[in-house]
Amino acid sequence: MNRRTHLKKLMLLAGASCLPLPRLLAQSAKPKTILLVSGWQYYNIGDIAHTPGLLALLNIYLPDTNVILWPGHEVRAIDQMLLQKYPDLQIVTGSLRDGNVESEAVIRAAETADFMLHGSGPSVVAQPKLQWWKSHIKKPYGIYGITVEDIGAERRDVLDNAAFVYLRDSLSEKNLRDNNIKAGAIGFAPDATFAMDLRNDHDTVNFMNTHQLQRKQFLCVVTRLRRTPYYQLGRDWSAEQIKEVDTLNDQHKEEDNKKLREAIITWVRQTGLPVVVCPEMSYQLSIMDELVIDPLPPDVRSHVIKMDRYWFCDEAASLYASATAVISMECHSPIIACFNNTPAFYLRQPQDTIKGQMWYDIGLEDWVFEIEETTGQEIASRLMEVYDDYGAAQRKLETAMDSVRNSYRETMLDVRNRILNA
């Protein structure tokens, strides 16, 4: 992916890093090639969004490198979305079997690349790919924007030998430091979705026109179960696994969503404005009616619109950008909203990993609600505070995003130096 048109951004980067521009350009005179491992689940817009988010950061901080994407899924529609923004992006596909890559295209890409970069996601999700790279290709690699809760022997080996490991939450960073991980650099870098700049305004305008939605005059909400029922998404689960997850979800789904509904009721009755119920994961299309829409009082339900199809992160970004606010039990819809200058609340369930710590890390602790420690009234009251003083809410959001951008700048300058010197 050739991005030499970003000279102006490089000039800003040169000033920020106290290096003269000629020296920066000299460092990248011979373009490096990065093999980017990203894209974990196609049925989760958050996982889709990691990839364009990191591509956007590479576009700013490493504009003279070539990027080859090795995604974890093979979905042509996602490839097309990325290629619209990055037409020179190379994409290779192929899986591992018994520790070996079966795809000649992936092998050629690995032989061409100077560096493997593991993108944002839950823990070292591409660990077999990193192990293969480390064992067979024997070139440097780094990891950017992940969560790490557990460190076993194989994972420790991968982390120890990385050129850098940047964690998307401070608890993960502490975990690595407490375990004496010996990576070249360890630090905090928020989830790359905070940089995801794709948009699909065409489909969003059509949706808004169909439902007579006005810009900044509606609320978006996203529901979630305590644990994702992956057996509904094609994974081969045992009867025991299914029973365990369904039992947990059934135990909490009404209690959790009652709090979300209370915020919706307050919003509609105090503002008279509509609500759009959206999916972050595809399975949520099947629970929206039961858990969010149907139990609402008739006067409120008449103001609710259902996004009744799965979508990608570009369309979600455009709709969230037009919303007044977003309330979500999923982590990434609020992140997408924040990048697009829309205040967003995260209703955090304890099963959703420690990644939610990043909301506290960037200064949005007032907009994250631990679902078992809060009431629906508290969520509703905070929402109306945002609505009643929207300017203050957007200033608060801009301060948090400044913190995110500063973290990106600091860490990506280090990533840049390590990749260019690989």
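In this text, all values refer to a predicted model and were calculated from it rather than measured experimentally.

## As for the packing of aromatic side chains
Alright, step 1. Under the defined criterion, the tally for this structure stands at 15 aromatic pairs.
Alright, step 2. With a centroid separation of 5.7 Å and an interplanar angle of 15°, the aromatic rings of Phe 115 and Phe 164 are classed as stacked. Placement of Phe 115 in strand 6 (residues 115-118) and of Phe 164 in the loop between helix 7 (153-160) and strand 9 (165-167) is noted, with a sequence separation of 49 residues between them. In terms of burial, Phe 115 and Phe 164 fall into one category: buried.

## Topic: the pattern of salt bridges
Alright, step 1. Per the counting criterion, the structure on display carries 25 salt bridges.
Alright, step 2. With a closest N to O distance of 3.1 Å, Asp 157 and Lys 134 form a salt bridge. One end of the pair, Asp 157, is in helix 7; the other, Lys 134, is in helix 6 (residues 127-137), and 23 residues separate them in sequence.
Alright, step 3. Between Arg 269 and Asp 299 there is a salt bridge; the shortest N-O distance is 3.0 Å. Within this pair, whereas Arg 269 is found in helix 10 (residues 239-271), its partner Asp 299 is found in helix 12 (residues 298-301), the two being separated by 30 residues in sequence.
Alright, step 4. Taking the relative accessible area as the measure of exposure, Asp 299 reaches 39% and is therefore partly exposed.
Alright, step 5. Connected through salt bridges with shared partners, the residues Arg 224, Glu 330, Asp 352 and Lys 355 form a single ionic network.

## Considering the nonpolar core
Alright, step 1. Formed by 115 residues in total, the largest nonpolar core has its most connected members in Tyr 144, Ile 264, Tyr 320 and Ile 327.
Alright, step 2. It is helix 17 (residues 390-420) that contributes the most residues to this core, 12 residues altogether.
Alright, step 3. With near-sequence residues (within four places) excluded, Ile 327 lies in contact with Leu 219, Cys 220, Val 221, Val 222, Leu 260, Ala 263, Phe 345, Leu 347, Ile 379 and Leu 383.
Alright, step 4. With 31 residues, the next largest nonpolar core counts Ile 68, Trp 132, Val 158 and Leu 159 among its residues.

What counts and what doesn't
- Residues numbered from 1 in each chain as written.
- Predicted model: local features only at pLDDT ≥ 70, side-chain atom pairs only at ≥ 80, totals over all residues.
- Heavy atoms only, no water.
- Phe/Tyr/Trp six-rings, centres within 6.5 Å; stacked < 30°, edge-to-face > 60°.
- Helix = DSSP H or I, 4+ residues; strand = E, 2+ residues; numbered from the N terminus.
- Buried < 20%, exposed > 50% of the residue type's maximum accessible area, 1.4 Å probe, protein only.
- Salt bridge = Lys/Arg side-chain N within 4 Å of Asp/Glu carboxyl O.
- Core = buried A, V, L, I, M, F, W, Y, C linked by side-chain atoms within 4.5 Å.
- Contact = heavy atoms within 4.5 Å.

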